[in-house]
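So the chains spell out like this:
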Amino acid sequence: AGRAQVATRLCAGALQAFLGHLRALSARHDFPQTLLRLVGILAGALPWAREAPALQPLHETVTQHLKNLLMVVVADGIVPEGGEGPHAPMWAVVASLCPELRADVASAVASRSEPARDAGGAQ
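Within any chain, residue numbers begin from 1 and follow the written order of that chain's sequence. Totals for whole chains, interfaces and linings use every residue, but because this is a predicted model, local features are given only for residues with pLDDT of at least 70 and side-chain atom pairs only at 80 or more, for both listing and counting. Computation of side-chain values covers all heavy atoms of the structure but excludes hydrogens and water.

Draft legend 1. Broad picture of the overall build of the chain. We count a stretch as a helix when DSSP gives it H or I for four or more residues in a row; a strand needs E for two or more, and each element gets its number in order from the N terminus. Secondary structure assignment for the chain yields six helices and zero strands. Along the chain direction, N to C, the helices and strands of the chain fall in the order α-α-α-α-α-α. We call a residue buried when its accessible area falls under 20% of the maximum for its residue type, exposed when it is over 50%, and partly exposed in between, using a 1.4 Å probe and counting protein chains only. Across the 123 residues in the chain, those meeting the buried criterion constitute 32%. Contact definition: two residues touch when any of their heavy atoms are within 4.5 Å. Intrachain contacts of the chain at a sequence separation of at least 6 include 63% that bridge at least 24 residues. Accessible surface, the chain as shown: approximately 7,300 Å² in total, 57% of it carbon and sulfur. Values of accessible area rely on a 1.4 Å probe in the Shrake-Rupley scheme; residue burial ignores everything except the protein chains shown.

Draft legend 2. Spatial organisation of helix α4 (residues 56–75). Multiplying one less than the number of residues by 1.5 Å gives the expected span of a helix. Between its first and last C-alpha atoms α4 spans 28 Å; for 20 residues at 1.5 Å apiece the expected length is 28 Å, and the two agree. Of the residues trailing α4, G77 is marked for its positive phi of about 75 degrees.

Draft legend 3. Local environment of the side chain of H87. By the element assignment, H87 lies in the loop between α4 and α5 (88–97). For H87, a relative accessible area of 6% corresponds to the buried category. Setting aside its immediate chain neighbours within four residues, H87 contacts F31, P32, L35, I78, V79 and P80.

Draft legend 4. Looking closely at the pattern of salt bridges. Take a side-chain nitrogen of Lys or Arg and a carboxyl oxygen of Asp or Glu: if they are within 4 Å of each other, that pair is a salt bridge. Per the stated rule, a full pass over the model turns up two salt bridges. Close ionic contact of D76 with R23 constitutes a salt bridge, the shortest N to O distance being 3.6 Å. Of the two residues, D76 sits in the loop between α4 and α5 while R23 sits in helix α2 (residues 22–26), which places them 53 residues apart along the sequence. Since its relative accessible area comes to 53%, R23 is described here as exposed.

Draft legend 5. Structural detail: helix α1 (residues 2–20). With 19 residues, α1 extends 27 Å from end C-alpha to end C-alpha; this agrees with the ideal 27 Å at 1.5 Å per step. Within α1 the residues assigned to the buried category are A4, T8, C11, L15 and F18. One side of α1 holds all its buried residues, which, seen down the axis, span an arc of 100 degrees. What points out from α1, more than 90 degrees from its buried face, is the exposed set R3, R9, L10, Q16 and G20. The directions from the helix axis to the C-beta atoms form the arc being described.

Draft legend 6. Structural view of the packing of α1 against α4. In this analysis, axes come from line fits to C-alpha atoms, helices being fitted only over the stretch in contact, and the angle between any two N-to-C directions falls in the range 0 to 180 degrees. Running from amino to carboxyl end, α1 crosses α4 at an angle of 5 degrees, the nearest separation of the two axes being 9 Å. Between α1 and α4, the angle falls in the class roughly parallel. Judged by residue contacts, A4, A7, T8, C11, A12, L15, F18 and L19 of α1 engage L58, T61, V62, H65, L66, L69 and V72 from α4. Note on terminology: angles under 35 degrees are roughly parallel, angles over 145 are roughly antiparallel, angles of 65 to 115 are roughly perpendicular, and the others are oblique.

Draft legend 7. Up close: the nonpolar core. Of all hydrophobic cores here, the largest spans 31 residues; its most connected members are L35, L69 and L70. Every element with two or more residues in this core is listed here: α1, α3 (31–51), α4, α5 and α6 (99–113). Tallying contributions element by element places α4 first for this core, with eight residues. Discounting residues that sit within four places of it in the chain, L70 has contacts with V39, M90, W91, V94, L101 and V105. The criterion is simple. A nonpolar core is a set of buried Ala, Val, Leu, Ile, Met, Phe, Trp, Tyr and Cys residues joined through side-chain atoms within 4.5 Å.

And the structure:
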């Protein structure tokens, strides 16, 4: 369980650093490959973390961090949601290792972009 806690902290720290420099990173010509590597590392941990009951907290944390990362890059318009273009391999990795995640991201991004129903309502 100690290793799972260390892995969880490393995952959180790596994503915090990545998201903290997202604008600069996304301007680089090799950003799709960089993002693919990061997503591949995170998603690659999911199958083995799912197998061991002691690693279930790691699986949940990695899944949540991966979802947050994808929500940010899609909501900010850095990565298209459709899965075409240079980010298609990244979406293929997500689909193969965590198929429900893409739908979760699409739903979360759609709900964030909807205007507040009560904003500017009855006066």
